[in-house]
Structures are given as structure tokens and as C-alpha cells.
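Examining the three-dimensional arrangement
Here are the chains, one letter per residue:
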Amino acid sequence: MQPMDEVYQKYAQTVYIFLLSKVHDQDIAEELTQETFYQAVKNIGRFDGTCRISTWLCAIAKNQLKTYRRKNPPMEDMQLVDIIQPSAENHALDTMGRIELMKKLHGCPEPFREILYLRIFGGLSFKEIGEIMGETENWARVTYYRGKEKLRKEIDENEK
């Protein structure tokens, strides 16, 4: 096997381009590339030579990307505007204002309010919400959807 500095020189660009194509952000792709090579050095004993080293590195990169996405869910999943229909987003924010929308959210009954907060502001997955609430992932999904719909109806009624 080649020394790791040679491996880095030869494959860093490949790993970086692979990650950049997935995240579309140069800083994140660079950070994940560095983490990929850190993990490669740390786990070099696991490389058995049954595949090309570039394949092995891209597999590590893919795992690093999964870890990153778990820890950093896309912002659109955490936005308050997820509560309202995308086409009505600007209208609701213009009409009600952010504070009024927050008041509506705060006025939701439990467990809807807590689930909406955990999902929107906490950025938690439905599985994590289910664990916190002592329920299933499916329960968290359904309850989130119902809470979102209840809030949407209340917003729509206030606009009339």
C-alpha cells in the first residue's frame, strides 16, 4: 500500500468532487474530505485491498456525509415556514408577521406544540421525537402532520 500522504495527494480531489456533488457547498465538502482522510488513517487496518482505494475512500466519504446530515438536517426542515404551504409562505408572514405566527404556535395544544417545537427549532428527526415522547416514529410523524394542519387551518380562518 502507498503511504497515506501519497494516497491523499492522489485521491483528495476525487473525494472532494464526490462530496461537492452531494452537498453543493465548498466549505462543507472540504471539511468532509478532511474528515474522510482522518477516518481513513484511523481505520487503515480495515482496508483489505479487495476494492480500489478510491472506492474505499468514497465509501468512507459517503458515511461521513450521512453522519453530517444527521447532525445538520437541511434548514428547510427546521424553518417555521414549514408549517404553512410554500405558496402561502410569504403571504402568511406578511399578513400575520413572525410574532403572530409564533403566538399561534405557542397556543397549540399538547402534544402538537412540543412536537412542532422539537421538529422545527430542534431539528430532530421523527425517530428522535418519538424516543423523547416515549412513542413510535410513526406516531411522531402523524402527530406532527396533524399539528401542522391544525395550525394551518387556524391561520386560514384568521385570514378570512
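Because the structure is a prediction, the values reported are computed rather than measured.

1. Notes on the overall build of the chain
Across its full length, the chain holds nine helices and zero strands. Going from N to C terminus, the chain has its helices and strands arranged as α-α-α-α-α-α-α-α-α. Taking all contacts inside the chain whose residues are at least 6 apart in sequence as the whole, residues at least 24 apart take part in 55%. With the model as given, the accessible surface of the chain reaches about 10,300 Å², and the carbon-plus-sulfur share is 49%.

2. Concerning the packing of aromatic side chains
Under the counting rule described, the total for this entry stands at three aromatic pairs. Note on Tyr8 and Phe37: the rings are 4.8 Å apart at their centroids and 75° apart in plane angle, and the pair reads as edge-to-face. Highlighted residues: Tyr8 in helix 1 (residues 4-23) and Phe37 in helix 2 (residues 26-42), separated in sequence by 29 residues. Residue classification places Phe37 among the buried positions, given a relative accessible area of 6%.

3. As for the environment of Ile155
Its place among the elements puts Ile155 in helix 9 (residues 137-159). With relative accessibility at 2%, the residue Ile155 sits in the buried group. Taking the C-alpha atoms as reference, Ile155 lies 8.0 Å from Lys104; in sequence the two are 51 residues apart.

4. Some thoughts on a positive patch on the surface
Among the surface-exposed residues, Lys22, Lys62, Lys66, Arg69, Arg70 and Lys71 lie close enough to one another that they form a single positively charged patch. For the positive patch, the element with the highest residue contribution is helix 3 (residues 53-71), accounting for five residues. Here Lys66 shows up in helix 3.

5. Digging into the side chain of Thr36
Residue placement: Thr36 occurs in helix 2. For Thr36, a relative accessible area of 0% corresponds to the buried category.

6. Let's talk about the environment of Leu20
Looking at the element boundaries, Leu20 is found in helix 1. By relative accessible area, Leu20 is classed as partly exposed at 23%. Residues Leu20 and Glu30, ten residues apart in the sequence, show an inter-C-alpha distance of 8.1 Å. Apart from residues lying up to four places away in sequence, Leu20 is in contact with Asp25, Gln26 and Ala29.

7. Overview of the environment of Cys108
Positionally, Cys108 belongs in the loop between helix 6 (98-106) and helix 7 (112-120). Between the C-alpha atoms of Cys108 and Lys148, which are 40 residues apart in sequence, the distance is 9.7 Å. With near-sequence residues (within four places) excluded, Cys108 lies in contact with Arg113, Leu116 and Leu151.

About the thresholds
- Residues numbered from 1 in each chain as written.
- Predicted model: local features only at pLDDT ≥ 70, side-chain atom pairs only at ≥ 80, totals over all residues.
- Heavy atoms only, no water.
- Helix = DSSP H or I, 4+ residues; strand = E, 2+ residues; numbered from the N terminus.
- Contact = heavy atoms within 4.5 Å.
- Areas by Shrake-Rupley, 256 points an atom, 1.4 Å probe, with all protein chains shown as cover.
- Phe/Tyr/Trp six-rings, centres within 6.5 Å; stacked < 30°, edge-to-face > 60°.
- Buried < 20%, exposed > 50% of the residue type's maximum accessible area, 1.4 Å probe, protein only.
- Patch = residues over 30% accessible without salt bridge, like charges linked within 9 Å, V, L, I, M, F, W, Y side chains within 5 Å.
- Salt bridge = Lys/Arg side-chain N within 4 Å of Asp/Glu carboxyl O.
- Lys, Arg positive; Asp, Glu negative; His and termini not counted.
- Charge placed at Lys NZ, Arg CZ, Asp CG, Glu CD.

Everything listed here is a matter of coordinates, which is why it stays silent on function.
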